[in-house]
Amino acid sequence: MAPTPLDSAMKSRSAFLAFTGLVTGVAVWTIWGGDIFPTSDDPKGDPSTWTKSEMMRWLAARDLHPQESDTREQLLERVRANLRVPRRHD
């Protein structure tokens, strides 16, 4: 009985190394490809008590693009205007 193409491929060292490289690559991607640092929870309570960085993080989590140059009052106004916008899931 003649060997099948699969039998011939399994005897090849380069095919074996390609397969092990693929398995290793998938394992590395699974371990390091996800979020290494989990995202922070949203700040709780009244937005007027939040810090400027908390307001910026809250707006950024919803793709509302806060700017460093925005004042605390501008950020607070935008947070209050968008309180019902759900958090973006990556």
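Refer to the structure printed above.
Below is a short write-up of the structure. Note that residues are indexed from 1 along each chain, following the sequence as it is written. Under the rules for a predicted model, residues below a pLDDT of 70 receive no local features and side-chain atom pairs below 80 are neither given nor counted, while totals for whole chains, interfaces and linings still include all residues. Excluded from the side-chain calculation are hydrogens and water; included are all heavy atoms of the structure.

Considering the nonpolar core
Here is the rule we go by: In this description, a nonpolar core means a group of buried Ala, Val, Leu, Ile, Met, Phe, Trp, Tyr and Cys residues linked to one another through side-chain atoms lying within 4.5 Å. Burial classification: accessible surface area is computed with a 1.4 Å probe over protein chains only, and a residue below 20% of its type maximum counts as buried, one above 50% as exposed, and the rest as partly exposed. Numbered from the N terminus, helices here are DSSP runs of H or I no shorter than four residues, and strands are runs of E no shorter than two. Whether two residues are in contact is decided by their heavy atoms, any of which lying within 4.5 Å being enough.
Counting nine residues, the largest nonpolar core consists of Trp-50, Met-55, Met-56, Trp-58, Leu-59, Leu-64, Leu-75, Leu-76 and Val-79. No other element matches the four residues that helix H3 (residues 52-60) contributes to this core. Discounting residues that sit within four places of it in the chain, Val-79 has contacts with Pro-47, Trp-50, Met-55, Trp-58 and Leu-59.

Comments concerning the side chain of Asn-82
Tracing the sequence through the fold places Asn-82 in the segment after helix H4 (72-81). Not counting residues within four places of it along the chain, the set of residues in contact with Asn-82 comprises Trp-58 and Leu-64.

Brief notes about H4
Spelled out, the test is: The directions from the helix axis to the C-beta atoms form the arc being described.
When H4 is considered as a whole, its buried residues turn out to be Leu-75, Leu-76 and Val-79. On an axial view of H4, the arc spanned by its buried residues comes to 100 degrees, and they lie on one face. Exposed and oriented more than 90 degrees from the buried face of H4 are Glu-73, Glu-77 and Ala-81. In this structure, the buried side of H4 is in contact with H3.

Re the packing of H3 against H4
Angle between the axes and distance between the axes are the two parameters that describe a pair of packed helices. Our working rule: Axes here mean lines fitted to C-alpha atoms, for a helix over just the part in contact, with angles spanning 0 to 180 degrees between N-to-C directions. Relative orientations are named as follows: roughly parallel for angles under 35 degrees, roughly antiparallel for angles over 145 degrees, roughly perpendicular for angles from 65 to 115 degrees, and oblique for any other angle. Take the far helix as your reference; a near helix turned counterclockwise from it by less than a right angle gives a left-handed crossing, and one turned clockwise gives a right-handed crossing. Each residue receives one of three labels: charged for Asp, Glu, Lys and Arg, nonpolar for Ala, Val, Leu, Ile, Met, Phe, Trp, Tyr, Cys and Pro, and polar for the others, Gly being one of them.
Running from N to C, H3 and H4 cross one another at 40 degrees; their axes reach a closest spacing of 10 Å. Between H3 and H4, the interaxial angle falls into the category oblique. Considering the relative orientation of H3 and H4, their crossing is left-handed. Taking contact as the criterion, the partners of Lys-52, Met-55, Met-56, Trp-58 and Leu-59 in H3 are, on H4, Arg-72, Leu-75, Leu-76, Arg-78 and Val-79. In the contact of H3 with H4, the residues fall into seven nonpolar, no polar and three charged.

Focus on unusual backbone geometry
Residues other than glycine predominantly adopt negative phi, and peptide bonds predominantly adopt the trans conformation. In this structure, Asp-63 is a non-glycine residue whose phi angle is positive, near 55 degrees. Relative to the helices and strands, Asp-63 is located in the loop between H3 and H4. Owing to a relative accessible area of 37%, Asp-63 belongs among the partly exposed residues under this scheme. Look at His-65: it is not a glycine, yet its phi comes out positive at around 45 degrees. Along the chain, His-65 turns up in the loop between H3 and H4.

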